[in-house]
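# Architecture and fold: a report
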Amino acid sequence: MAKISLIVNGNPVTANVDSRTLLVQFLRENLRLTGTHVGCDTSQCGACVVHLDGKAVKSCTTLAVMADGHEVKTIEGLAADGAPLHPMQEAFREHHGLQCGFCTPGMIMTAIDIVHRKGNELDDHTIREELEGNLCRCTGYQNIVASISAGAKAMAKSDLA
């Protein structure tokens, strides 16, 4: 067992975990943050994307011990209960960027990372290229791309970004 201490969604967390525990398992099973999904366990689908120190990572191939001393943000950490949605979440809602919703948390976390790295004015080609590691089996991506474009613009005007 390894003792880890990290900040998850702004809250300090300390736990003893098996050194082989994946970050996605720790978040879902230990902390009950089930918005981070397990889709493939091989880093192919992106359903498990979270932010580690502000950068998007696939939590299904990141060990929980690797997050020791770091900050993790999950989809649950974007907007507090009862608070307004994060601009990217709102854009996905407004522009119908989801169907079944399974990929949506990873898509949103990836989208926010794209904006932080590439800026608020994103063309469709850039968005599609940057989504290469995120799979959706339902939407055909057009509404996801439109959602990310709108969310990026909204993030420029928001203090929640």
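Rules of the game
Residues numbered from 1 in each chain as written. Predicted model: local features only at pLDDT ≥ 70, side-chain atom pairs only at ≥ 80, totals over all residues. Heavy atoms only, no water. Pairing = 2+ DSSP bridges. Helix = DSSP H or I, 4+ residues; strand = E, 2+ residues; numbered from the N terminus. Axes fitted to C-alpha atoms, helices over the stretch in contact; angles between N-to-C directions. Contact = heavy atoms within 4.5 Å. Domains from an automatic or database assignment. Buried area = accessible area lost by both parts, 1.4 Å probe. Salt bridge = Lys/Arg side-chain N within 4 Å of Asp/Glu carboxyl O. Polar contact = N/O pair within 3.5 Å; in protein donor to acceptor, adjacent residues only side chain to side chain. Nonpolar A, V, L, I, M, F, W, Y, C, P; charged D, E, K, R; others polar. Core = buried A, V, L, I, M, F, W, Y, C linked by side-chain atoms within 4.5 Å. Buried < 20%, exposed > 50% of the residue type's maximum accessible area, 1.4 Å probe, protein only. Arc of directions from axis to C-beta.

If you look the protein up in an unreviewed UniProt entry, it shows as Carbon monoxide dehydrogenase from Bradyrhizobium betae.

### Points about the sheet that holds strand E3 (residues 49-52)
Read across the sheet, five strands follow the order E2-E1-E5-E3-E4 without closing on themselves; strand pairing throughout is mixed. Taken across any chain shown, the strands that pair with only one partner, and hence form the sheet edges, are strand E2 (11-17) and strand E4 (55-58). Going across the sheet, the axis of each strand differs from the next one's by a mean of 40°, ignoring polarity. In this sheet, E4 lies alongside E3 in antiparallel orientation, the contact comprising four bridges.

### Quick word on the environment of isoleucine 148
Examined against the element boundaries, isoleucine 148 turns out to sit in helix H5 (residues 142-156). Excluding residues that lie within four positions of it along the chain, isoleucine 148 makes contacts with Met88, Phe92, Ala111, Leu122, Ile127 and Leu131.

### A word on the domain arrangement of the protein
When its domains are assigned, the protein resolves into domain 1 (2-77) and domain 2 (87-156). For domain 1 and domain 2, the distance between their C-alpha centres works out to 21 Å. On the side of domain 2, 13 residues touch domain 1, which itself brings 18 residues to the contact. When the area that domain 1 buries against domain 2 is broken down by residue, the three leading residues are His37, His51 and Ile75, summing to 40%. Here domain 1 and domain 2 share zero salt bridges between them. At the surface where domain 1 touches domain 2, the tally comes to seven residue pairs in polar contact (both at pLDDT 80 or more). The set of elements that each furnish at least two residues to the side of domain 1 that touches domain 2 consists of E3 and E4. Classifying every residue of the side of domain 1 that touches domain 2 by side-chain character gives seven nonpolar, eight polar and three charged.

### Describing the environment of methionine 1
Mapped onto the secondary structure, methionine 1 falls in the segment before strand E1 (2-8). A C-alpha to C-alpha distance of 6.0 Å links methionine 1 and serine 19, two positions 18 residues apart in sequence. Ignoring any residue separated from it by four or fewer positions in sequence, one finds methionine 1 in contact with Asn16, Val17 and Asp18.

### With respect to the nonpolar core
The biggest cluster of nonpolar side chains holds 22 residues, and the ones touching the most others in it are Met88 and Ile148. When contributions to this core are tallied by element, the ones reaching two or more residues are helix H2 (87-94), helix H3 (104-118) and H5. Here this core gets seven residues from one element, more than from any other, and that element is H3. The next biggest cluster of nonpolar side chains, apart from the first, holds 15 residues, and it includes Leu27, Val50, Ala67 and Val72.

### What about helix H1 (residues 23-30)?
Every buried residue of H1 is accounted for by Leu23, Val24, Phe26 and Leu27. One side of H1 holds all its buried residues, which, seen down the axis, span an arc of 165°. Where H1 is buried, its residues meet E1, E2, E3 and strand E5 (71-73). Residue arginine 32 follows H1 closely and has a positive phi angle near 60°.

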